[in-house]
Amino acid sequence: MDENRTQVVKEFVLAGFSHTASIEAGLFVVFLFFYVSTWVGNVLIMGTVASDRNLNSSPMYFLLGNLSFLDLCYSSVTTPKLLVDFLHKEKLIPYNQCIVQLFFLHFVGAAEMFLLTVMAYDRYVAICRPLYYTTIMSRGLCSVLVAASWMGGFVHSIVQTILTVNLPFCGPNQVDNFFCDVPPVIKLACADTFVIELLMVSNSGLISTSCFVVLISSYTAILVKIRSKEGRRKALSTCASHLMVVTLFFGPCIFIYARPFCTFSVDKVVSVLYNIITPMLNPLIYTLRNKEVKSAMRKLWDRSGLGAKAGANSQGSL
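Residues numbered from 1 in each chain as written. Predicted model: local features only at pLDDT ≥ 70, side-chain atom pairs only at ≥ 80, totals over all residues. Heavy atoms only, no water.

### Digging into a positive patch on the surface
A contiguous patch of positive charge, built from Arg129, Lys225, Arg227 and Arg232, is present on the exposed surface. Counting through the fold element by element, Arg227 comes out in the loop between helix H9 (194-225) and helix H10 (229-257). (Patch = residues over 30% accessible without salt bridge, like charges linked within 9 Å, V, L, I, M, F, W, Y side chains within 5 Å. Areas by Shrake-Rupley, 256 points an atom, 1.4 Å probe, with all protein chains shown as cover. Salt bridge = Lys/Arg side-chain N within 4 Å of Asp/Glu carboxyl O. Lys, Arg positive; Asp, Glu negative; His and termini not counted. Charge placed at Lys NZ, Arg CZ, Asp CG, Glu CD. Helix = DSSP H or I, 4+ residues; strand = E, 2+ residues; numbered from the N terminus.)

In structure tokens form, the structure reads like this:
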């Protein structure tokens, strides 16, 4: 018994989604499409914002470009490993790589939570104090807020990682998910983790819930501030895309992290929502409802010469 408890786990086995080759081949195609779409959409937004002077000088789109970069980083923490595992029967991850994945998952994830909160404040100032918007949301302040979001994510992740690496792991070593995250990993520790779980829930759960409450409060304040029906309609139209992002991202995060670390069968599906689906949908949500971004994308397309070539080819075929 003592000998087993001193044994050190050198690698973990990820449970994944299925052990049937045909199902995993289908899932590989689906998730590869999600990942490629995430890269195409977010790189397109980043390139559009960087190339358009009007968008680049706007605080809203400066923050949107940073959100796209975070989405790329966030999806790349787990999805490449998931795609590789679909092609292998045994889904192994060394202990050190598991901890690194856990660290960057919470680092980038928390930074995105803070940035979404900053974006909600940006919308509040733009709608409720439009005359002072450019003065309040200066480029300097936006840069500081983005840096603070990254720093907040780093501090949060360091706490989570230190609490995890100080736990002993002597077996079993199967992580009940498709990536390394705090809840399923610390359940494998050969120690009483009750206090650690409370600390981690207080950390992750408090951050996700607090940011969500602040976001909803900011939108409520916007609607209360605006008296006219037409003004409220425009405000809802402006903030609708942001609300969709908030719901898709924070809802699953609160479900996973704001409760004691018990496992539900639906956890893997919920994890897919905030790890893979949300980073893919963000570009669609922001571009389909935003005339300025779509106009800037058309200009970028025309400047690239691809639009002219497509038009010439179309006329030639006629």
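Now that the structure has been shown, the text picks up again.
### Considerations on the packing of helix H7 (residues 139-165) against H9
In contact at an axis separation of 11 Å, H7 and H9 are set at 160° when each is read in the N-to-C sense. Judged on the interaxial angle alone, H9 and H7 are roughly antiparallel. The element H7 and its partner H9 pack so that their crossing is left-handed. The residues of H9 that touch H7, namely those facing His156, Val159, Gln160, Leu163 and Thr164, are Ile196, Leu199, Met200, Asn203, Ser204 and Ile207. Taken together, the residues of the contact of H7 with H9 break down into 6 nonpolar, 5 polar and no charged. (Axes fitted to C-alpha atoms, helices over the stretch in contact; angles between N-to-C directions. Parallel < 35°, antiparallel > 145°, perpendicular 65-115°, else oblique. Left-handed = near helix turned anticlockwise from the far one by under 90°. Contact = heavy atoms within 4.5 Å. Nonpolar A, V, L, I, M, F, W, Y, C, P; charged D, E, K, R; others polar.)

### Things to note about the packing of helix H5 (residues 95-128) against H9
Viewed as axis vectors pointing N to C, H5 and H9 meet at an angle of 15°, and their least axial separation amounts to 10 Å. Considering their axes alone, H5 and H9 lie roughly parallel with respect to each other. H5 and H9 meet at a crossing whose hand is left-handed. Contacts from His106, Met113, Phe114, Leu116, Thr117, Ala120, Arg123, Tyr124, Ile127 and Cys128 of H5 reach H9 at Ser204, Ile207, Ser208, Cys211, Val214, Leu215, Ser218, Tyr219, Ala221, Ile222 and Lys225. In the contact of H5 with H9, the residues fall into 14 nonpolar, 5 polar and 2 charged.

### A look at the state of the cysteines
A complete count under the given rule lists 2 disulfides for this structure. Note on cysteine connectivity: Cys98 is disulfide-linked to Cys180, with sulfurs 2.0 Å apart. With the S-S dihedral at roughly -115°, the linkage between Cys98 and Cys180 falls on the left-handed side. Taken together, the positions of Cys98 in helix H5 and Cys180 in the loop between strand S3 (174-175) and helix H8 (182-186) put the pair 82 residues apart, joining distant regions of the chain. Look at Cys98 and you get buried, because its relative accessible area is 0%. One disulfide bridge connects Cys170 with Cys190, the sulfur atoms lying 1.8 Å from each other. Judged by the torsion about the S-S bond (-120°), the Cys170/Cys190 disulfide is left-handed. You can see Cys170 sitting in the loop between H7 and S3 and its partner Cys190 sitting in the loop between H8 and H9, a full 20 residues away along the chain. Judged by relative accessible area, which is 14%, Cys170 ranks as buried. Here Cys190 falls in the buried class, since its relative accessible area comes to 8%. Disulfide partners in the chain, listed by the sequence order of the bonded cysteines, are 1-3, 2-4. (Disulfide = S-S within 2.5 Å. Buried < 20%, exposed > 50% of the residue type's maximum accessible area, 1.4 Å probe, protein only.)

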